[in-house]
Amino acid sequence: MSKQSALANLLVELSIDPMLRRRFQEDPSTVMNEVGLSDEELELVAGGNPEKIRDYLGGDVTASCFVMFES
Amino acid sequence: MKKGSLTIVGTGFLVAGQVTPEALASMRAADQLFFLVAEPATRLWLESQHPSAEPLDYVFWEGRHRQEAYEEIVERLLAAVRQRNDVCAAFYGHPGVFVYSSHEAVRRARGEGFTARMLPGVSAEDCLFADLEVDPAAYGCQSFEATDFLVRGRVFDPHSALILWQIGALGVTTFHLHDLWNAEGLNILVEVLCRVYPSTHSAIVYEATHYPVCNPLIQRTTIAGIPECQVNTHSTLWVPPVAKARLDTGMAAQLGLSI
Amino acid sequence: MAQGRLTVIGTGYNVAGQVTPEALSCMKQAERLFYLMSDPATSAWLKSLNAAAESLYDCYRVDEPGTAACERMVERILTAVHAGLEVCAAFYGHPAIFVPPGLESLRRARQEGFSARMLPAISFEDCLFADLGVDPAVHGRVMHEATDFLIRPRIFDPTAGLILLQVGAIGLVNFRKEDAPNREGVRLLARTLVKHYPESHRVALYRMSQLPIFEPSIAWVAVAELAEAPLSVCSTLYVPPLPRRPIDPEMLARLQKTVGSSLIAPLECELNEGTEGGNRNVKAERLGESPG
């Protein structure tokens, strides 16, 4: 099951507001503290690794919904 | 028109950041919302937008025949529409690019007398053009699925840009759950490309980001260097044109152009 | 790095309806918002969004080439960036696709030491795929600006879809206010196309609806009759693909051999249309998992 979390909420907020994204890039700890991320989440964000973020958020979303060429 | 409708929308690539207002309005107004997205944050957000959002990814399983899976999606959507509901289906990216079942669902719904339409979404190419800062119309652009490009001997011109989709899935013809890539297959791709391009010609292996805290993966290399890159199922190859194509002076004159 | 910053965005083709949230946020928060729109409704909406909104339209001069207007636009945008402002430049559709001032102002800003980026947007092709029911992944897609296609002939794959941008504006270099398509250009285009396609091959002249009260305009004609079809300078031509070439079994077999050893080469059942159910069970067994 996908996990509702402070990280998921932060990702939504950052996705819709590029200025917030920039404020985050310049001073990530302030933004993250405002949102109340856990230590694990702080590490994930600092790492910038999309696979780890995806795994943390969990859920049965298929990793590769890719489409094959038509035979 | 019968009561009951189908609207197909796209969510783009960046959680909620690329969901257009018209798509969002359609999702919220629907009696039933189905979705197929690439990662969990988008899913969580969609579920917060609609009380009964239903995922479609259960149709895919390891080794399943593709056509069956797509048919199941179409039928699931049509069944809901036939119940006289306003149905919305959301796919990541552009809902009509690399999806197959969406256009078919629209056609079939219309065929059965229902209103159906698709709204455009931000596609993977839209992200590529913005992230790589390239204009596909400047020199022309040719896009192919990579396995199709090889097995159907696609004809192309190096004086236009070339985009190859799914270079990480060469030769793969059924669905797989895990990320896979076919490194050896890339050597075959390079061999074919080197018949037309110098091996030192620049190429970019690109992957859009799904998260605002991660950068897109942009690997600038050469044709020969492609197999050394980190290539995943969602990797795309961008090959810039070698040069401007030669001017047809006769045609230019006929058009009254002095170049 | 200086304080001025540039973000280039696109607004799609439906007033506010196709503007992504990240683009909207940029436009609202910009200290200077430059815009170039193709309809007055969107321009009016942008002005209501940001008091510092300024149209780039007056960079055009009648009977002057578009390149001069582009220069003026880039200058105006860069002046604001140099003044240390948070600048947003908004163009209709996708700002990278045939919008020279979009990419040029990015390049210049960065060259002059400023931070600059572009956000993706809904393109004219996105609208075409949705309205015409076309998935470019199925057959591939070749796209050209129409004049470029004619004056710089290239090899292209007619078994892929062909999209030609601005077919009504073939050979038109100078800015004009009225919608005056060049039929002679389309005649030349038709003569070129019938060298690659049968005369009866049906093609679509397409214009997206730019206001929510209008439907898109889609006119299907035989390629030989293209020059007589309803036309606008903004028309896009879609040429459906010719029947595709068969698969080269040798190449497919070569690729299949290279697919990782952790996966089963699934080839035969797909191509020979075998019993999928039966094959699925076999695959699942060999993977060591139960089916489903």
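Definitions and cut-offs
- Residues numbered from 1 in each chain as written.
- Chains lettered and ligands numbered in written order.
- Predicted model: local features only at pLDDT ≥ 70, side-chain atom pairs only at ≥ 80, totals over all residues.
- Domains from an automatic or database assignment.
- Contact = placed C-beta atoms within 7 Å.
- Nonpolar A, V, L, I, M, F, W, Y, C, P; charged D, E, K, R; others polar.
- Helix = DSSP H or I, 4+ residues; strand = E, 2+ residues; numbered from the N terminus.
- Buried ≥ 20, exposed ≤ 12 C-beta atoms within 10 Å, placed from the backbone.
- Arc of directions from axis to C-beta.
- Pairing = 2+ DSSP bridges.

Considerations on the domain arrangement of chain B
Residues and elements named next belong to chain B.
- Taken as a whole, chain B is organised into domain 1 (5–118) and domain 2 (124–239).
- On a C-alpha basis, the centroid separation for the pair domain 1 and domain 2 is 27 Å.
- Taken together, the contact pairs 14 residues of domain 1 with nine residues of domain 2.
- Of the residues assigned to the side of domain 1 that touches domain 2, the class counts are six nonpolar, four polar and four charged.

Some words on the environment of Ala80(C)
All names here are of chain C.
- Looking at the element boundaries, Ala-80 is found in helix 3 (residues 66–82).
- Taking the C-beta count within 10 Å as the criterion, Ala-80 has 22 such neighbours and is therefore assigned buried.
- C-alpha separation for the pair Ala-80 and Glu-178, spaced 98 residues apart in sequence, amounts to 31 Å.
- What Ala-80 contacts, discounting residues up to four positions off in sequence, is Arg-32, Leu-85 and Val-87.

Some words on helix 8 (residues 183–193) of chain C
Residues and elements named next belong to chain C.
- The complete set of buried residues in helix 8 reads Gly-185, Val-186, Leu-189, Ala-190 and Leu-193. Viewed along the axis of helix 8, the buried residues span an arc of 140°, placing them on a single side of the element.
- On its buried side, helix 8 packs onto helix 7 (146–151) and strand 10 (236–239).

Quick notes on the interface of chain C and chain B
- Facing 74 residues of chain C, the contacting portion of chain B comprises 80 residues.
- With six residues, the single largest contributor to the side of chain C that touches chain B is helix 9 (residues 249–258) of chain C.
- The residue makeup of the side of chain C that touches chain B, split by class, is 40 nonpolar, 16 polar and 18 charged.
- Across three bridges, strand 6 (residues 141–145) of chain B lies against strand 6 (residues 141–145) of chain C in antiparallel orientation.

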